Amino acid sequence: MTKTIELGVQGMTCASCVGRVERGLKKVEGVQEASVNLATERATVTYDPALTGPEALLDKVRDVGYDPVVTETQLGVQGMTCANCVSRVERALKRVDGVLSASVNLATERATVRHLPSVSRAELRATIQDAGYEVPEVQAGQDPAEHERTAREHERLTLRRSVAWSAAFAVPLLLLAMVPMLYMPLHMWLGERLSPQALNVLMLALAAPVQFGPGRRFYRLGWASLRHGSPDMNTLVMTGTTAAFGYSLLVTLAPGLFPPGTAHVYFEASAVVITLILLGKYFELVAKGRSSEAMKALLSLQAKTARVIRAGQELDLPVDEVQVGDIIAVRPGEKIPVDGEVLGGHSYVDESMITGEAVPVAKAAGAAVVGATINGTGALTFRATRVGADTALAQIIRLVETAQGSKPPIQGLADRVVSVFVPVVLAIAALTFMAWLLLGGPQALSYALVNTVAVLIIACPCAMGLATPTSVMVGTGKAAELGVLFRSGAALEALQGVQVVALDKTGTLTQGHPALTDLQPTLGFDRTEVLQLVASAEGPSEHPVARAIVDAARAEGLPLSPAQHFEAVPGFGLEAQVDGRRVQVGADRYLTRLGLDITPFGAQAAALGHQGKTPLYVAIDGQLAAIAAVADPIKAGSREAVRALHALGLRVAMITGDHGVTARAIADQLGIDEVLAEVLPSGKSEAVQQLQAAGQRVAFVGDGINDAPALAQADVGLAIGTGTDVAVETADVILMSGDLRGVPNAVALSRSTLRNIRLNLFWAFAYNVLLIPVAAGALFPAFGWLLSPVLAAAAMGFSSVFVLTNALRLRRFHPPLRPGPAPATPRAALSSV
């Protein structure tokens, strides 16, 4: 048995490329024929599925140097009720030729499918429908996410009507069956007016509208799952309630068939069980809606209109019609509609909804603005640079949706259990029925029926299916509120297990550019005058140290004079004439070469060096005038972040290319445990490996292009969102602001989410393990206790609601640290999140 598939192959330019791909594919075990077409960029491969599969073929295309084309499609799936439904949809999708992987999320009701381009969306949709579930059909021009929300709201209203209809019949039925048993005068009053047969007919009339009205959904879904050989929760409910209703129907229509004392009806059990299960599903749906409130909040941030300037006129246009390059005007207090670059005006913009930071950020010409942020009291005009799906907010929403829909590795435990759970439950139910039938005495048939129904109802694996995805959904949504973006559920799980946090220094712990930190003049020289002369002399230089000195002078409002006869001495310093005075600035060796004695500043120079600062010396008109120091300032929040990481029980390491003494000085200031200094830019990934070699799980935090290999090497990579595009794209977790305080917040949230998942899984598993024997009647011999099917249905619904409510507790998560002010101009956070 062979299969033939088509693979898309990109990067081929000539017949030689075609030959290379064909030869490579033919070397894969099981491939019988491979033909590549350069014009269509397609490879047609015939292979033996017992020996190889599409993934191996794609890997071979990559090995020979080309890019295989893989598509990812997301589909809404309606009608899933438990983890077994999830497994059935996944198995059905994976059986489609050309599907590489399929992941279905019960909480978000969405399937994510990786497949070859030859597999159409219609084929995937038909596969899900054949498995017994519905796929909402999105109309042309309709937002898929909005369509899913509308469909979910329609489902909620439909379910609410079903619950109301069921309750209208089930409540009177329950009262009719139970109250006379508890209140003897009422029992006698009914007995005088209605014969037992008439009472049974009345109860049948109340039970039938429930069984074949709202209960019809369990027949439709339960029979579909049986037909596909994968029984699920609906199968258990269908089997249990049908057994109770069918037995009662026979008692009503043919009571003579049953031995004396066994002709009891259980109409109230089937009707109330259906009502309670529908009520539990309704509460689940409401709780699911709450769990996605973070996504709703993000979506609500999007502006609806923009004031676009075209041909000299201001036009109010829908934000969807804004194009890259449009000039947009924003008035005070308005929402910025799309991402862009400020052309004119000055204002402060509240970016808290993007970064989680409360302090407004100053914006002037050249600054970047982010769509959905709130303008302050000034007016701005800006040029649109990213619109639609390319805006920062749209990309954040896409990342959060991806993370919410993905499965952390811990979900594998639930999946493995559920794959065998329902068949085992059906076997236990059959054994329960046989055991009670053989050992139950005069009322064996009644006992067998009631206990079998209770087993089938109590064992519904709804809570197992919801345990993990709801916690991931709420946790990643809360993270987004705090300015932390997890790319996947796996990243969320991995972060809680790290033992060491390794931090890049430049741009991560520090601001990434030098600043003047000290200036101490000698006797006879004024500090302000020295700074003005030195900054003027450094004016023509583009060296970062020169820029730091010039920026310091400007910050103090000092006027700069033009420098004349400027001369840079590489490796030493510079000399220039400023206002007729000779200014010389440089390292200690420069002034020594000039014949000046710098020993008066020996103690200060040593102290500055121990603080991680670089000392500079100033000579004016041939005399030693001052000692200055330049350093890369530590970012606000870095000290707090390191303290918070220690409080979480983590070791903190710093990886830097600085000299060991300088690096140790900065580490001492911050309280860092371990320093890996003098690391070349290309050696950061090896430094991470060195930490991992000690058997520790390592998280690496960086922001630069040269941090990308280390981010990929680490067990978890965290990118500063204001860093470079490459770093952000490589990381598992993105900190939207440049503030390191997001790192302990992300770790703490990851730990809280995993604790929440473990508690959910424990509850879901323990609930079934403990209550299935009780439902089967294990306590009857010792205590005379039996579990009513009605109580079993209530307990089953409660377990799902408990799991969802527990997950919703994550919405009240309080981070260890609050983020501080955002940097003035986010860069990659706008383009690569």
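Residues numbered from 1 in each chain as written. Predicted model: local features only at pLDDT ≥ 70, side-chain atom pairs only at ≥ 80, totals over all residues. Heavy atoms only, no water.

Take the UniProt feature "transmembrane region" (unreviewed entry) in the protein next. The feature "transmembrane region" (unreviewed entry), as annotated in UniProt, sits at residues 162–186, 198–215, 236–258, 264–283, 417–439, 445–468, 761–780 and 786–808 in this numbering. End C-alpha to end C-alpha, residues 264–283 measures 33 Å, and it is 85% helix and 0% strand. Summarising residues 761–780: 85% helix, 0% strand, and an end-to-end C-alpha distance of 29 Å. (UniProt positions renumbered as here; feature names shortened; annotations may be inferred. Helix = DSSP H or I, 4+ residues; strand = E, 2+ residues; numbered from the N terminus.)

As a rule of thumb, soluble globular proteins bury nonpolar side chains together. Counting 122 residues, the largest nonpolar core has Met80, Phe486, Leu495 and Leu718 as the members making the most contacts within it. A per-element tally of this core places helix H28 (residues 742–776) first, with 14 residues. Not counting residues within four places of it along the chain, the set of residues in contact with Leu495 comprises Phe486, Ala699, Val716, Leu718, Ala746, Val747 and Ser750. By size, the runner-up hydrophobic cluster in this structure holds 26 residues, among which are Phe525, Val534, Val583 and Ala626. (Core = buried A, V, L, I, M, F, W, Y, C linked by side-chain atoms within 4.5 Å. Buried < 20%, exposed > 50% of the residue type's maximum accessible area, 1.4 Å probe, protein only. Contact = heavy atoms within 4.5 Å.)

Moving on: the sheet that holds strand E26 (residues 674–676). Pairing in this open sheet of seven strands is mixed, and the strands run E17-E29-E28-E27-E18-E25-E26 from one edge to the other. The open sheet is flanked by strand E17 (484–486) and E26, the only strands paired with a single partner. Strand after strand, the sheet turns through a mean of 20° between neighbouring axes, direction not considered. Inspection of the sheet shows strand E18 (residues 500–504) paired to strand E27 (residues 698–702) by four bridges, in the parallel sense. Considered in E27, the bridge of Val500 is made with Val698. The strands touched by H28 within the sheet are E17, E18, E27, strand E28 (716–720) and strand E29 (733–735), with E17 carrying the most contacts at an inclination of about 50°. (Pairing = 2+ DSSP bridges. Axes fitted to C-alpha atoms, helices over the stretch in contact; angles between N-to-C directions.)

The next point concerns the environment of Ala306. Topologically, Ala306 is positioned in strand E8 (residues 305–310). Remark: the alpha-carbon pair of Ala306 and Lys335, spanning 29 residues in sequence, is separated by 8.9 Å.

Enumeration over the complete set of coordinates arrives at nine aromatic pairs. Aromatic side chains Phe212 and Tyr219 sit 6.3 Å apart centroid to centroid with 20° between the ring planes, which places their arrangement in the stacked category. Under the relative-accessibility criterion, Phe212 is labelled partly exposed at 47%. We classify Tyr219 as partly exposed; its relative accessible area is 23%. Taking the centre distance of 5.3 Å and the plane angle of 50° together, the rings of Trp436 and Tyr447 count as tilted. Here Trp436, found in helix H14 (residues 411–439), pairs with Tyr447, found in helix H15 (residues 444–458); they are eleven residues apart in sequence, far enough to count as distant. Residue classification places Tyr447 among the partly exposed residues on the basis of a relative accessible area of 24%. Members of the aromatic cluster, connected to one another through ring pairs, are Phe212, Tyr219, Phe245 and Phe267. Here the guanidinium or amino end of Arg589 rests over the ring plane of Phe572, the centre of that ring lying 5.7 Å away. In this structure, Arg593 is placed above the aromatic ring of Phe572, and the distance from its NZ or CZ to the ring centre is 4.4 Å. (Phe/Tyr/Trp six-rings, centres within 6.5 Å; stacked < 30°, edge-to-face > 60°. Lys NZ or Arg CZ within 6 Å of the ring centre and 35° of its normal.)

So, about the pattern of salt bridges. Enumeration according to the criterion identifies 19 salt bridges in this entry. Linking Arg331 and Glu314 is a salt bridge whose minimum nitrogen-to-oxygen distance equals 3.5 Å. Taken together, the positions of Arg331 in the loop between strand E10 (327–330) and strand E11 (339–345) and Glu314 in strand E9 (residues 313–318) put the pair 17 residues apart, joining distant regions of the chain. For Glu640, the salt bridge is made with Arg741, and the minimal N-O distance between the two is 2.8 Å. One end of the pair, Glu640, is in helix H23 (residues 638–647); the other, Arg741, is in the loop between E29 and H28, and 101 residues separate them in sequence. Residues participating in the shared-partner salt-bridge network are Arg307, Glu314, Asp316, Arg331 and Glu334. (Salt bridge = Lys/Arg side-chain N within 4 Å of Asp/Glu carboxyl O.)

So, on to helix H20 (residues 544–555). Two residues of an α-helix separated by three or four positions point the same way, owing to the 3.6 residues in each turn. With twelve residues, H20 extends 16 Å between its outermost C-alpha atoms, agreeing within 8% with the 16 Å of an ideal straight helix rising 1.5 Å per residue. Residues of H20 that are buried: Ala546, Ala548, Ile549, Val550, Ala552 and Ala553. For H20, the secondary structure elements touched by its buried residues are strand E19 (515–521), helix H19 (527–538), strand E23 (614–620) and strand E24 (623–631). Immediately downstream of H20, the backbone of Gly557 shows phi near 75°, a positive value. (Expected span 1.5 Å × (residues − 1).)

Here we take up helix H4 (residues 121–130). Within H4, the full set of buried residues consists of Leu124, Thr127 and Ile128. Buried residues of H4 fall within an arc of 95° about the axis and therefore sit on the same side. Pointing more than 90 degrees away from the buried face of H4 are the exposed residues Ala122 and Asp130. Buried-residue contacts for H4 involve strand E5 (71–76), helix H3 (83–94), strand E6 (99–105) and strand E7 (110–115). Downstream of H4 by a residue or two, Gly132 has a phi angle that is positive, lying close to 105°. (Arc of directions from axis to C-beta.)

All right, on to the packing of H15 against H28 then. If you want to describe how two helices pack, look at the angle between their axes and the distance between the axes. As a packed pair, H15 and H28 sit with axes 8 Å apart at the nearest point and diverge in direction by 170°. When the axis of H15 is compared with that of H28, the two are roughly antiparallel. For the pair H15 and H28, the contacting residues are Asn451, Ala454, Val455 and Ile458 in the first and Tyr767, Asn768, Leu771, Ile772, Ala775 and Ala776 in the second. When its residues are assigned to classes, the contact of H15 with H28 shows eight nonpolar, two polar and no charged. (Parallel < 35°, antiparallel > 145°, perpendicular 65-115°, else oblique. Nonpolar A, V, L, I, M, F, W, Y, C, P; charged D, E, K, R; others polar.)

This paragraph deals with the pairing of strand E3 (residues 42–47). Sheet topology places strand E1 (residues 3–10) next to E3; six bridges connect them, and they run antiparallel. Within E3, the residue paired with Ile5 across the bridge is Val45. Bridge analysis of strand E2 (residues 31–37) against E3 gives six bridges, and the strand direction is antiparallel. Within E3, the residue paired with Glu33 across the bridge is Thr46. Hairpin connection, E2 to E3: the antiparallel pair is bridged by four residues, and Glu41 has positive phi, about 55°.

Phi at Ala372 is positive, roughly 85°, even though this residue is not glycine. Mapped onto the fold, Ala372 is located in the loop between strand E14 (368–369) and strand E15 (374–375). Judged by relative accessible area, which is 1%, Ala372 ranks as buried. For His565, which is not glycine, the phi dihedral falls at a positive 55°. Here His565 lies in strand E20 (residues 563–569). What makes His565 exposed here is its relative accessible area of 67%.

Right, let's get into the pairing of E18. Burial analysis of E18 places five of its five residues in the buried class, which makes it a mostly covered element. Every second residue of E18 is oriented toward a common face, with Val500, Ala502 and Asp504 on one face and Val501 and Leu503 on the other, all of them buried. Across five bridges, the pairing between E18 and strand E25 (residues 651–655) is parallel. Paired with Leu503 across the strands is Met654, a residue of E25.

The strand order E13-E12-E15 describes an open sheet built from three strands, whose pairing is antiparallel. If you trace the sheet from one side to the other, it starts and ends with strand E13 (361–363) and E15, each paired once. Looking at chain direction, strand E12 (residues 347–350) and E15 are connected through two bridges and run antiparallel. The residue bridging Val349 from the neighbouring strand is Asn375, located in E15.

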